[in-house]
Amino acid sequence: MSAPPTPQHDAFYRAPAGWRATRPGTILRHRPVALAAFGTLPQQIQSWQLMFRSTGTTGEPIVAVTTVLIPAAARPKALLSYQIAEDASAPQCAPSYTLRLDGTRTEAVNQAELLLIDASVGEGFAVSVPDYEGVEGDFGVAKQPGYIVLDGVRAAERFAPLKLSGTKTAAGLWGYSGGSLASGWAAQVQHRYAPHLHIRGVAVGGFVTDVPGALLKINAGPASGLIASALPGIIRGDAAIAKLLRPELTAAGKQMIAHAGSQCEIANVTQYPFENFSRYVKHSIPALLARPAFRKQIDRLNLGGSAPAAPMFVYHAVNDELIPVAGPDAMVKSYCARGSSVDYTRDELSEHGSLAFVGAAAALDWLSAHTIGNVTQHGCTTMTVPTMAVSPATLSTLPAVVQSILLALAGLPVGGAT
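Residues numbered from 1 in each chain as written. Predicted model: local features only at pLDDT ≥ 70, side-chain atom pairs only at ≥ 80, totals over all residues. Heavy atoms only, no water.

1. A look at the overall build of the protein chain
Next up, step 1: A count of helices and strands for the protein chain gives 15 helices and twelve strands.
Next up, step 2: Against the 2.2 N^0.38 benchmark of 22 Å for 418 residues, the protein chain shows a C-alpha radius of gyration of 20 Å, consistent with a compact globule.
Next up, step 3: A buried classification covers 61% of the 418 residues belonging to the protein chain.
Next up, step 4: For the protein chain, contacts bridging at least 24 residues in sequence account for 80% of all contacts bridging at least 6.
Next up, step 5: Per element, the accessible surface of the protein chain, about 15700 Å² overall, is 59% carbon and sulfur.
Next up, step 6: Taking the average location of the 31 positive side-chain charges in the protein chain and that of its 29 negative ones, the two points are 10 Å from each other. (Helix = DSSP H or I, 4+ residues; strand = E, 2+ residues; numbered from the N terminus. Rg over C-alpha atoms; globule rule 2.2 N^0.38 Å. Buried < 20%, exposed > 50% of the residue type's maximum accessible area, 1.4 Å probe, protein only. Contact = heavy atoms within 4.5 Å. Areas by Shrake-Rupley, 256 points an atom, 1.4 Å probe, with all protein chains shown as cover. Lys, Arg positive; Asp, Glu negative; His and termini not counted. Charge placed at Lys NZ, Arg CZ, Asp CG, Glu CD.)

This is how it looks when you write it as structure tokens:
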């Protein structure tokens, strides 16, 4: 089987006539798709792609796409929007493409998240996996990821084959690293943008809250290529930042933006390790961030403007080498001071990559309890543990997670009849 056309060459991603007159969350077209772990292992899950109307950073109408899944032989109990850590500014890196059978096989890290999606389906969720960067790949911009996530939930609730209960559907949000930023935006804008949605819980790990802090932490380190992945999307999707940053780019900087903006995360991280991106601008990155006008614009990319209405589960590595723990520490404190309910776990032994999977079973357990179950949460808790790997929530949920993953890898149906 040949690989499907990339989004740049696939008519499905082109907005149909009259779409601007529709309301956010309106389904504009849909099609069934075959998904595969790592591009080659077919998944026995019912799945479709939906194009829907959404909203951009400055309030303009846009179109977006989500991939929706349900158990092979069961009626879903709730809806989960899972935000993959796309971490790239190129359209062919979007999950709607990378998760397809015979899609690109260069994004193994992101494709591995399909196994966590499988585990969610095995728990009884219908799952929406939105291309939250939009059809162009606007990685890192403010607000728009949240709007797309929420409109993906709206579209999923309206899609009859998912057998959901419309706006009465209990829903949750989940994302790690880059996916946590999109999930955080959705949680933050939901009470104004989509207050009717029944969002009952939000789980975020490797929580990206302080974009300037992350830039300084990552720059010149082993994962510095993430800066190359983010800058093209931010420049493309945020006109105010682009106006300030474009004149600062050297000739080499302009070439880097054009090149990195055509590649996915792994290619950029592989190509730009230990790169000091100050060499691509006329002034150093610290000098740019010290300018009040530039810092004001870049700070708009940070979460924290308002507190989420839905309860949250936050998990973060104390020694996270990419996202300093001080960011989520401060954000959780701010959310709690504003009345949000947050369960926060700080893991001492994990680092950024390992916690994505070490903490997954506990996050899924919490989401199941708050959406499929009847758990309600009030207030805030913070605990620091040696490792989440042996927490009661992990130990109780891990066998089911492993079972779903093994079924998925073996090409067997995930999610039995209920």
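What follows continues from the structure just given.
2. So, the sheet that holds strand 6 (residues 78-83)
Next up, step 1: Sheet architecture is open: ten strands sit in the order 1-4-5-7-6-8-9-10-11-12, paired in mixed fashion. Single-partner strands in this sheet number two, and they are strand 1 (27-32) and strand 12 (380-385). On average, adjacent strands in this sheet sit at an angle of 20° to one another, irrespective of strand direction.
Next up, step 2: Pairing geometry for strand 4 (residues 46-55) and strand 5 (residues 61-70), over ten bridges, is antiparallel. Note that in strand 5 the partner of R53 across the bridge is V63.
Next up, step 3: Across the face of the sheet, helix 4 (residues 178-193) comes into contact with strand 4, strand 6, strand 8 (170-176) and strand 9 (198-205) while running at roughly 145° to strand 8.
Next up, step 4: Packing against the sheet, helix 14 (residues 360-371) makes contact with strand 6, strand 7 (125-130), strand 8, strand 9, strand 10 (312-317) and strand 11 (342-347), and its axis sits at approximately 170° to strand 9. (Pairing = 2+ DSSP bridges. Axes fitted to C-alpha atoms, helices over the stretch in contact; angles between N-to-C directions.)

3. What to know about helix 5 (residues 211-218)
Next up, step 1: Listing the buried residues of helix 5 in full gives V211, P212, A214, L215 and I218. What you see down the axis of helix 5 is that its buried residues fit within an arc of 160°, all on one side.
Next up, step 2: On its buried side, helix 5 packs onto helix 6 (225-237), helix 10 (285-290) and helix 11 (292-299).
Next up, step 3: Residue D210 occupies the N-cap position of helix 5, its side-chain oxygen lying 3.0 Å from the main-chain nitrogen of G213.
Next up, step 4: Remark: A220 follows helix 5 within two positions and exhibits a positive phi of approximately 70°. (Arc of directions from axis to C-beta. Polar contact = N/O pair within 3.5 Å; in protein donor to acceptor, adjacent residues only side chain to side chain.)

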